Amino acid sequence: MLLMKLETKEKFSFLQLAHYLARIDNNFGDKEVEILKEYCTEMGIDYIDSFDMDSFCLEEILNHFKSKKSQKIVLLELMILIHIDNNFHVNEQELIKKITDKFEISLDDAGDFSQWGKSVAMLYQVANIFINEEKNEN
């Protein structure tokens, strides 16, 4: 719901950043893929599963998010991806620190964003259980 507020170029930059984040802990799994696909659906863009870690330039990508609103949207949405596997890996923490420094977002705000992302990730997982649960009807 927040990603639709990004400009077109920002959406593609966000997808690249999300792919990078999903792989930075060396544990790229089904949950991350599912969230990346959800992001694409929300943004109205096709899912691209190919990603080259070696050619990714964090500084260049972060420069695409000019407004404070876009920067906050990016950080909020990345927090969902971070928490979807219930593990806030040290590499993910370091990346978020770089992003918050670049975007000049306080550690307090980043902590609040992290808690929000953890809540959304948990609710997303619960919703998937509800959707995929077979009910016994008598």
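Bear in mind that the values here come from a model prediction, so they are computed numbers and not experimental data.

### Quick look at the overall build of the chain
Along the backbone of the chain there are six helices and zero strands. Order of helices (α) and strands (β) in the chain, N terminus to C terminus: α-α-α-α-α-α. The C-alpha radius of gyration computed for the chain amounts to 15 Å, which stays within 12% of the reference 14 Å derived for 138 residues, consistent with globular compactness. Principal-axis analysis of the C-alpha atoms places the extent of the chain at approximately 60 × 35 × 30 Å. Relative to its 138 residues, the chain shows a buried fraction of 43%. Long-range contacts, defined here as pairs at least 24 residues apart, represent 82% of the contacts in the chain between residues at least 6 apart. Of the accessible surface of the chain, which amounts to about 8200 Å², a share of 49% is contributed by carbon and sulfur atoms. Put simply, the chain has 15 plus and 26 minus side-chain charges, and the middle of one group is 6 Å from the middle of the other.

### Side note on the packing of helix α4 (residues 68-83) against helix α5 (residues 90-103)
One can describe the packing of α4 onto α5 by two numbers: an axis separation of 11 Å at closest approach and a directional angle of 170 degrees. When the axis of α4 is compared with that of α5, the two are roughly antiparallel. Taking contact as the criterion, the partners of K68, Q71, V74, L75, L78, M79 and I82 in α4 are, on α5, E92, I96, I99, T100 and F103. The residue makeup of the contact of α4 with α5, split by class, is eight nonpolar, two polar and two charged.

### A word on the nonpolar core
Formed by 41 residues in total, the largest nonpolar core has its most connected members in F14, L17, Y39, L78, L81 and I99. Elements with a contribution of two residues or more to this core: α1 (8-23), α2 (30-43), α3 (58-62), α4, α5 and α6 (107-132). Element by element, the count of residues in this core is highest for α4, at nine residues.

### Considerations on the packing of aromatic side chains
On inspection of all chains with the given rule, the structure shows four aromatic pairs. An aromatic cluster of at least three residues, connected via ring pairs, comprises Y20, F51 and F56. Positioned above the aromatic ring of F28, the side-chain terminus of R23 is 3.9 Å from the ring centre. Across from the ring centre of Y47, 5.5 Å away, lies the NZ or CZ of K37, which sits over that ring.

### Section: the layout of surface pockets
Gaps left between atoms are located by rolling a probe of water-molecule size over the structure's atoms. Counted as a void, the largest pocket has a volume near 200 Å³. Around the largest pocket, the lining residues are M1, L2, I35, E38, Y39, E42, E77, I80, W116, V120 and Y124. Mapped by element, the contributors of at least two residues to the lining of the largest pocket are α2, α4 and α6. Here the lining of the largest pocket is composed, by residue class, of eight nonpolar, no polar and three charged.

What counts, and at which threshold
One numbering rule holds for all chains: residues counted from 1, following each sequence as written. In view of the model being predicted, local features appear only for residues whose pLDDT reaches at least 70, and side-chain atom pairs are presented and counted only at 80 or more, with totals across whole chains, interfaces and linings using the full set of residues. Side-chain figures throughout are based on the complete set of non-hydrogen atoms in the structure, without hydrogens or water. A run of DSSP states H or I qualifies as a helix once it reaches four residues; a run of E qualifies as a strand once it reaches two. Both are numbered from the N-terminal end. Each radius of gyration reported is based on C-alpha atoms, and the globular scaling rule is 2.2 Å times the count of residues to the power 0.38. Type-normalised accessible area, obtained with a 1.4 Å probe on protein chains alone, sets the label of each residue: buried when under 20%, exposed when over 50%, and partly exposed for intermediate values. Contacts are assigned to residue pairs that have any heavy atoms within 4.5 Å of one another. Throughout, the Shrake-Rupley method with a 1.4 Å probe supplies accessible areas, and for residues the shown protein chains are the sole cover considered. In this tally Asp and Glu are treated as negative and Lys and Arg as positive; neither His nor the chain ends contributes. Where a charge sits is defined by one atom per residue type, namely NZ (Lys), CZ (Arg), CG (Asp) or CD (Glu). Every axis corresponds to a line fitted to the C-alpha atoms, with the helix fit spanning only the stretch in contact, and the corresponding angles, defined between N-to-C directions, vary from 0 to 180 degrees. Should an angle fall under 35 degrees it is taken as roughly parallel, and over 145 as roughly antiparallel, whereas 65 to 115 is taken as roughly perpendicular and any remaining angle as oblique. Only Asp, Glu, Lys and Arg are considered charged in this grouping, and only Ala, Val, Leu, Ile, Met, Phe, Trp, Tyr, Cys and Pro are considered nonpolar; every other residue, Gly among them, is considered polar. Among buried residues, those of type Ala, Val, Leu, Ile, Met, Phe, Trp, Tyr and Cys that are joined through side-chain atoms within 4.5 Å constitute a nonpolar core. To pair, rings of Phe, Tyr and Trp, with the six-membered ring standing in for Trp, must have centres within 6.5 Å; the planes then decide the type, stacked if under 30 degrees apart, edge-to-face if over 60, and tilted in the middle. By definition here, charges over rings are those cases where NZ of Lys or CZ of Arg is within 6 Å of the ring centre and within 35 degrees of the ring normal. A cavity, in this analysis, means grid points on a 1 Å lattice covering only the protein atoms where a 1.4 Å probe fits yet has no way out; a pocket is instead an open set bounded by protein on both sides within 12 Å along at least five of seven lines, and a residue lines either one if it has an atom within 4 Å of a point. Grid points are joined across faces, edges and corners, and a volume is the space filled by probe spheres set on the points.

The analysis is restricted to geometry; functional conclusions fall outside its scope.
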